[in-house]
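In case you want the letters, here they are:
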Amino acid sequence: MTNGTRGPFVNGVLARFAEEHEGLPGAALPWLRRVRSDAIGRFAELGLPTTRHEDWKYTSVAAIERRAFDTPFDASSNGLAERALARHALDGTHRLVFVDGRYAPGLSRLDTLPAGAQVGSLAAAIAARPDRLEDLFVADDEAPANGFTTLNSALWADGAWIDLAPGVVLDMPIHLLFITTRNDLASFPRNLVRAGAEAGVTLIEHHAGPDDASYFTDAVTRIVLGKGARVAHAKLQQEGRRSFHIAAIHAEQAQDSRFGSHAFAFGGQLARSEIATRLGAEDCEAKLVGLYVGSGRQHIDHHTCIDHAQPRGTSREVYKGVLDGAARAVFNGRVIVRPDAQQTDAQQSNRNLLLSDSAEVDTKPQLEIWADDVKCAHGATVGQLDADQLHYLRSRGIDEAAARSLLIRAFAADTLEGIEHAALRARLESLLPGGLPEAA
Amino acid sequence: MGNQAVQLDELISQDYRHGFYTPMEVDALPHGLSEDVIRMISAKKKEPEFMLEWRLKAFRHWLTMTEPHWATVRHPPIDYQDIVYYSAPRSQQDGPQSLADVDPELLRTYEKLGVPLHERELLAGVAVDAVFDSVSVATTFKAKLGELGIIFCSFSEAVQNHPDLVRQYLGSVVPYTDNFFATLNSAVFSDGSFCYIPPGVRCPMELSTYFRINAKNTGQFERTLIIADRGAYVSYLEGCTAPMRDENQLHAAVVELIALEGAQIKYSTVQNWYPGDKDGKGGIYNFVTKRGDCREANSKISWTQVETGSAITWKYPSVILQGDNSVGEFHSVALTNHYQQADTGTKMIHLGRNTRSTILSKGISAGHGSNAYRGLVKVAKSAVGARNYTQCDSLLLGDRCAAHTFPYIEVKNASARVEHEASTSRIGEDQLFYCQSRGISAEDAVSLIVSGFCKEVFKQLPMEFAVEAQKLLGVSLEGAIG
Amino acid sequence: MLEIRNLHVTVDDKPILRGLDLTVMAGEVHAIMGPNGSGKSTLAHVLAGREGYVVTAGEILYLGKNLLELAPEERAREGIFLAFQYPVEIPGVANIYLLKAAVNAVRRHRGEQELDAMDFLVLVKEKFRLMDMDESLLYRAVNEGFSGGEKKRNEILQMAVLEPRLAILDETDSGLDIDALKVVANGVEAMRDPDRAIILVTHYQRLLDHIRPDRVHVLAQGRIALSGGPELAQELERRGYGWVEAEAQKMAGAGAQ
């Protein structure tokens, strides 16, 4: 059944697959060839989602659909990547840099890793140890998909591969920096993360590109947490203002594991992140925090799903949005409590601040509860700066503009809670809306 | 646990109280739906040409539509050709002129239901329009209301006696193209209530419609139209029952409310259609479109509903807040037990300036019941200063029931303030045990907790209804814990 | 210092103040008393420049300037301070940050050098001791999760730090237990200064047991119905407000004729 639409974009990627698939990583592996060809077949059927799909009701991808992204990958440096790296690098991290979707070893920097930690390019890992990856790809094949994730399955060229043996804990975060440098380029990064039992790691997935280029990123990150594992994932989306960014992060949690997700979205003309975690065993914890800041004509969409499948899971979700100009934000937060997931404790909140008359918010926090011994609550608000707070600050001598900035910043700042890495925290503080406060 | 299970099991034995059937000679059309059937319905009702045309337009549009499946309810396919679209007690063929003309068998039915139609026996201050299968059988206190210029009659009478009002307002809130079930209703609706309150008049008594499905395989498609002219006020109550049958029966009603400048309409429903048995067999499919239009400034429409019956309930009483400073309210208690399913909520469409809406939804799920709140709060660009507050609470009894919350919030105006809160709690065995250890029976404990949970909604109901609603909840919950 | 002439104020088109006259000189402490709804808090809000309070007639001169032309922050920088009856909670903004921003806004306005972090901390800590406040409150969000008494103390603390020329305390005594009341009163007493005027808006006389006012005014029907010395407060305590209101009504009636 064809329920999507077909235009220059779809035709373009189908042609690209036909041309390039022999050169993609793992082309010699029968199982991976099959995964890719199944995916492109499904994509040809699915096409891109339309606003008739409930999950895409508020986000039209027609602007992507109309475009052919036909700039081929070109390994020659145009200097943009180096400049972007200088701006976006974070001290105190291991760093994997990907330029236009391919690993750039010259820009990457890995400090000494403990034994049992594999960190590197996925393409390289597929070439070296395909056996360790097969089950992950096959499992991924069964994950819920839309046209974009399916397309990524077919066309991914590289991404990060992080494999931690049981008990291995990395002290330094891994900074995965995806830099796009060329106009009209489409890249399909794929990251695979496996944290063994009691393993722990912090990942910073960072996407950036120039404001004057129109390009497309279709990223998929899959994280598998073993028993008692701890994975913190921070996404920093600073794509160029003319770019399209569609990304999915799927986590699967084993018993006693803890998954933390922070999503900060600042860039993109049209940006969407899907963040889903399945608490697939007992006593899991998930914490999802997000901040989206939009201005101009940006459209920023977050779809999250916390799936409590087994008893005694705890989840906390806080998403905040600050919208100015004619920006539009979409938030859809789904919390599922399955019949066996007794003693689940799930709290969710989404708060939006509208700063301009043309800004828009569509929010849909949703609870689907099939068990009775649960504590679940959600809340959503849309509003503007509080007039009483504004007046109070002004009555203490602070001028209106400064008072507004202060309140905007205060609204956004608590999404930084739980970010412990100094360089990342400082970077995020500098990106918060409302500007920097003078030091108190 | 064992002890209270026994106690609660005993409670199951009490059956649906309104499940009897009144044998009646009926005048009914054959099964099925076609233009001819619609022409016959219209002819039987001696309708003017504009009504027939409207029905036919609706029918032709309906043929292009498909049954919606987006709600979280599941049901076997409905065979729309296996439904009788018109059934009336033969004795009522020409419509009763006064209560004296009403078939005594019908009067007895309503008495059995606790809805006496003899005016002298009526609760003071409630005027009743009774709808039996497809037609209105009696309207009380008509004369008294007439003195104030209030029109309260069956829809059929309104078409005959006030065609201009009907023509002006019918379909002006729920157009015949609105949705699958509303369109079907527009084509085949057989009767219902009509009410018009003239400017500045405060209706001195509660107006009430009592709906009864009696005949087998009959769909009930009634239509209610209420117009409160400038500065008018009316409080309207609606009650519903049906006999127990193994087959599912379709009820697809449409209610349209229009409030002009400064007018207020309060619409309360206690819906107790037959819910099916404890294994989910039989029961009414209650697919209803209810919408109010605060058409002019400073008007107010409040919906209050207590939904305990029906196998499946699918309804979203909504308010279009067009007039500046207009107010919309939705207060709901929806209870699903056994295999009942409810997908209900509201839409508050803010168009005018400084419009306000409040949504208070209480869902109670027990047994294998499934209860979904689905609501939309939409603030259009024009709705400067709009405010909404929504609170949705779910109470779960037993570990096989489900409670879902799907609030859609769409805001296109920065001066709006919209707040949504939802929570879920349960009645746990530990709570029941605690109450029992203090000498309170499990039954009383459940009803205590449930009525506390629903208190804020019951407060909105007129007194007699509130008492009835409370009793209904108790009965509907029987067998919920075991 | 402050001169209010024939002030008329409406809120939501409802007249609240109806021809209020009041003169306050530097060095004086005035108490504005009156029954609920007499317009006491309205007067406080109008002086601070709260939106939604519409001045339909009259004028307010502060140090010879037209106060009504100034934005709320300009008034604050000119030395007006309102201790709110219901101090606003501002999650995410640290108390110390607000204090420092406020102090330096006033200093900049006066052409003084801004305080550095060290000097500021020394100043604030001294005032914290004066108000008998826990220093941890400095680093908490403004008023968030503060008890009623803590909020009121925090207001007086801000006043002590900002050293205004004209301080208006709106029902600062309400909701305080006797110990807190004493602390607040001491804080206010410490602020008495020949260059500073203080207006206490209060319903009850009990605050005036601790802070002796120079003048007491009774508001009724939106204007000052009665003025006197400190003994007036005691009379009100004995006799209630009924008789003042009755007088005011008679006067309003006579005025209308």
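Rules used throughout
- Residues numbered from 1 in each chain as written.
- Chains lettered and ligands numbered in written order.
- Predicted model: local features only at pLDDT ≥ 70, side-chain atom pairs only at ≥ 80, totals over all residues.
- Heavy atoms only, no water.
- Helix = DSSP H or I, 4+ residues; strand = E, 2+ residues; numbered from the N terminus.
- Rg over C-alpha atoms; globule rule 2.2 N^0.38 Å.
- Buried < 20%, exposed > 50% of the residue type's maximum accessible area, 1.4 Å probe, protein only.
- Contact = heavy atoms within 4.5 Å.
- Areas by Shrake-Rupley, 256 points an atom, 1.4 Å probe, with all protein chains shown as cover.
- Buried area = accessible area lost by both parts, 1.4 Å probe.
- Salt bridge = Lys/Arg side-chain N within 4 Å of Asp/Glu carboxyl O.
- Nonpolar A, V, L, I, M, F, W, Y, C, P; charged D, E, K, R; others polar.
- Pairing = 2+ DSSP bridges.
- Phe/Tyr/Trp six-rings, centres within 6.5 Å; stacked < 30°, edge-to-face > 60°.
- Lys NZ or Arg CZ within 6 Å of the ring centre and 35° of its normal.
- Axes fitted to C-alpha atoms, helices over the stretch in contact; angles between N-to-C directions.
- UniProt positions renumbered as here; feature names shortened; annotations may be inferred.
- Polar contact = N/O pair within 3.5 Å; in protein donor to acceptor, adjacent residues only side chain to side chain.
- Patch = residues over 30% accessible without salt bridge, like charges linked within 9 Å, V, L, I, M, F, W, Y side chains within 5 Å.
- Lys, Arg positive; Asp, Glu negative; His and termini not counted.
- Charge placed at Lys NZ, Arg CZ, Asp CG, Glu CD.
- Core = buried A, V, L, I, M, F, W, Y, C linked by side-chain atoms within 4.5 Å.
- Disulfide = S-S within 2.5 Å.

Asker: Would you take a moment to explain the overall build of chain C for this structure?
Answerer: Secondary structure summary: chain C contains eight helices and 12 strands in total. Relative to a compact globule of 257 residues, whose C-alpha radius of gyration would be 18 Å, chain C shows 18 Å and is just as compact. Principal-axis analysis of the C-alpha atoms gives chain C an extent of 65 × 40 × 35 Å. Buried positions account for 53% of the 257 residues belonging to chain C. Pairs at least 24 residues apart make up 68% of the contacts formed inside chain C by residues separated by at least 6 positions.

Asker: I would appreciate a short explanation of the overall build of chain B in the present structure.
Answerer: Along its length, chain B carries 11 helices and 24 strands. Evaluated residue by residue, chain B yields a buried proportion of 63% over its 482 residues. Roughly 17300 Å² of accessible area belongs to chain B as shown, and the carbon and sulfur atoms make up 51% of that amount.

Asker: Explain the interface of chain A and chain B here, please?
Answerer: Interface size, as often reported, equals the accessible area lost upon joining of the parts. Contacts between the two partners involve 39 residues from chain A and, on the opposite side, 30 residues from chain B. A combined buried area of about 2800 Å² lies between chain A and chain B, and 45% of that area is made up of carbon and sulfur atoms. Where chain A packs against chain B, one counts three salt bridges. With its nearest N and O atoms 3.7 Å apart, the salt bridge here joins Asp372 of chain A to Arg426 of chain B. If you list the elements that add at least two residues to the side of chain A that touches chain B, you get strand 19 (360-369) and strand 20 (375-383) of chain A. At 10 residues, the largest contribution of residues to the side of chain A that touches chain B is made by strand 19 of chain A. Considering only residue class, the side of chain A that touches chain B consists of 16 nonpolar, 10 polar and 13 charged. Judged from the seven bridges that link them, strand 20 of chain A and strand 24 (residues 417-426) of chain B form a sheet pairing that is antiparallel. By the bridge assignment, Ala380 of chain A is partnered in strand 24 of chain B with His420 of chain B.

Asker: Help me out: how do you make sense of the packing of aromatic side chains in this one?
Answerer: The relation between two aromatic rings is expressed through the spacing of the ring centres and the mutual angle of the planes. This model, assessed by the stated rule, comprises 27 aromatic pairs over all chains. Residues Phe180 of chain B and Phe181 of chain B carry aromatic rings whose centres are separated by 5.1 Å and whose planes lie at 90° to one another, so their mutual orientation is edge-to-face. Note on accessibility: Phe180 of chain B and Phe181 of chain B belong to one class, buried. Just above the ring of Tyr392 of chain A sits the side chain of Arg396 of chain A; from NZ or CZ to the centre is 4.9 Å. If you follow Arg202 of chain B out to its NZ or CZ, it ends over the ring of Tyr233 of chain B, 3.9 Å from the centre.

Asker: Would you explain the sheet that holds strand 2 (residues 14-24) of chain C in this entry?
Answerer: Strand pairs in the sheet, formed through backbone hydrogen bonds, run parallel or antiparallel to each other. All names here are of chain C. Pairing is antiparallel across the open sheet formed by four strands, whose spatial order is 2-1-4-5. With one partner strand each, in any of the chains shown, strand 2 and strand 5 (65-66) form the two edges of the open sheet. With eight bridges joining them, strand 1 (residues 2-11) and strand 4 (residues 53-62) adopt antiparallel strand pairing. Considered in strand 4, the bridge of Ile4 is made with Ile60. Sheet strands in contact with helix 1 (residues 40-48) are strand 1, strand 2 and strand 4, and its direction is about 110° off that of strand 1.

Asker: Any chance you could explain the UniProt feature "domain: ABC transporter" (unreviewed entry) in chain C here in plain terms?
Answerer: Following the UniProt record, the feature "domain: ABC transporter" (unreviewed entry) maps to residues 2-246 of chain C here. As annotated, residues 2-246 of chain C has a helix share of 36% and a strand share of 29%, and its two end C-alpha atoms lie 29 Å apart.

Asker: Before we go on, may I ask you to explain the interface of chain A and chain C in this structure?
Answerer: Each partner contributes to the interface: chain A provides 20 residues, whereas chain C provides 32 residues. Contact between chain A and chain C buries roughly 2300 Å² in total, counting both sides, with carbon and sulfur atoms accounting for 61%. Looking at the side of chain A facing chain C, the largest losses of area belong to His391, Tyr392 and Arg396 of chain A, adding up to 34% of the total buried there. For the salt bridge of Asp388 of chain A with Arg50 of chain C, the shortest nitrogen-to-oxygen distance reads 2.2 Å. Run the count over chain A and chain C and you get 11 residue pairs in polar contact (both at pLDDT 80 or more). For the side of chain A that touches chain C, the element with the highest residue contribution is helix 8 (residues 387-394) of chain A, accounting for seven residues. When the residues that make up the side of chain A that touches chain C are grouped by side-chain class, the tally is 10 nonpolar, four polar and six charged.

Asker: For this particular structure, what's the right way to read a negative patch on the surface?
Answerer: Together, Glu126, Glu163, Asp193 and Asp195 of chain C line one region of the surface with negative charge. In this structure, Asp193 of chain C sits in the loop between helix 6 (178-191) and strand 10 (197-202).

Asker: Hey, could you run me through the UniProt feature "domain: SUF system FeS cluster assembly SufBD N-terminal" (unreviewed entry) in chain B in this one?
Answerer: When the UniProt feature table is mapped to this numbering, "domain: SUF system FeS cluster assembly SufBD N-terminal" (unreviewed entry) covers residues 141-202 of chain B. The straight-line gap between the two end C-alpha atoms of residues 141-202 of chain B is 16 Å; of that span, 47% is helix and 15% is strand.

Asker: How should I be thinking about the side chain of Gln238 of chain A in this particular structure?
Answerer: Residues and elements named next belong to chain A. Tracing the sequence through the fold places Gln238 in strand 10 (residues 230-238). Given a relative accessible area of 16%, Gln238 falls into the buried group. In terms of polar contacts, Gln238 uses its side chain to reach the side chain of His206, at 2.7 Å. If sequence neighbours within four positions are ignored, Gln238 has contacts with His88, His206, His207, Ala208, Gly209, Phe266, Gly267 and Leu431.

Asker: Just checking my understanding: could you explain the environment of Asp211 of chain A for this structure?
Answerer: All names here are of chain A. Here Asp211 is to be found in the loop between strand 8 (200-208) and strand 9 (216-225). Take Asp211: its relative accessible area is 48%, and that puts it in the partly exposed class. Along the primary structure Asp211 and Ser243 are separated by 32 residues, whereas in three dimensions their C-alpha atoms are 7.7 Å apart. There is a polar contact of 2.9 Å between the side chain of Asp211 and the backbone nitrogen of Arg241.

Asker: Quick question: what am I supposed to make of the nonpolar core here?
Answerer: In a soluble, globular protein the nonpolar side chains are often hidden away together inside. Residues Ile162 and Ile223 of chain A together with Ile197 and Leu207 of chain B are the most contacted members of the largest nonpolar core, which totals 97 residues. Here the element with the most residues in this core is strand 17 (residues 328-337) of chain A; it accounts for four residues. In contact with Ile162 of chain A, not counting residues within four places along its chain, are Gln118, Val119, Ile174, Leu176, Leu192, Val193, Arg194 and Leu203 of chain A.

Asker: I'm lost on the side chain of Arg77 of chain C in this one. Help?
Answerer: Among the structural elements, Arg77 of chain C can be located in helix 2 (residues 72-77). Of the polar contacts made by the side chain of Arg77 of chain C, one reaches the backbone oxygen of Gly397 of chain A; its length is 2.7 Å. Look past the residues within four positions of Arg77 of chain C in its chain and what remains in contact with it is Gly397, Ile398 and Asp399 of chain A together with Ala105, Val106 and His109 of chain C.

Asker: Help me understand the sheet that holds strand 11 (residues 215-220) of chain C in this model?
Answerer: All names here are of chain C. Overall, mixed pairing links the six strands, which are arranged 6-9-10-3-11-12 in an open sheet. Of all the strands in the sheet, the pair left with one neighbour each is strand 6 (80-83) and strand 12 (223-228). In this sheet, adjacent strand axes meet at a mean angle of 20° when their direction is disregarded. Relative to strand 11, strand 3 (residues 29-33) runs parallel, the two sharing four bridges.

Asker: I would appreciate a short explanation of unusual backbone geometry in the present structure.
Answerer: Glycine aside, residues mostly have negative phi, and peptide bonds are mostly found in the trans state. Residue and element names in this part refer to chain A. The backbone of Asp100 shows a phi angle near 50°, a positive value even though the residue is not glycine. Within the secondary structure layout, Asp100 lies in the loop between strand 1 (94-99) and strand 2 (102-103). By relative accessible area, Asp100 is classed as buried at 4%. For Asp256, which is not glycine, the phi torsion reads 60° and is therefore positive. Relative to the assigned elements, Asp256 resides in the loop between strand 11 (244-253) and strand 12 (258-265). Overall, Asp256 belongs to the partly exposed group, its relative accessible area being 33%.

Asker: Is there a simple way to think about the pattern of salt bridges in this case?
Answerer: When charged atoms on two side chains of opposite charge get close, those side chains can pair. Under the counting rule described, the total for this entry stands at 56 salt bridges over all chains. A salt bridge links Glu135 of chain C to Lys125 of chain C, with the shortest nitrogen-to-oxygen separation between them at 3.4 Å. Of this pair, Glu135 of chain C sits in the loop between helix 4 (117-130) and strand 8 (141-142) while Lys125 of chain C sits in helix 4; the two residues are 10 residues apart in sequence, bridging distant segments of the chain. Ionic contacts of the salt-bridge type, sharing partners, join the residues Arg132, Asp135, Asp163 and Arg194 of chain A into one network.

Asker: In this structure, what is going on with the state of the cysteines? I would like to understand it.
Answerer: Residues and elements named next belong to chain B. This model, assessed by the stated rule, comprises zero disulfides over all chains. With no disulfide partner, Cys195 has as its closest neighbouring cysteine sulfur the one in Cys203, 6.4 Å distant. We classify Cys195 as buried; its relative accessible area is 0%. Distance from the sulfur of Cys294, which forms no disulfide, to the nearest cysteine sulfur (Cys195) is 16 Å.

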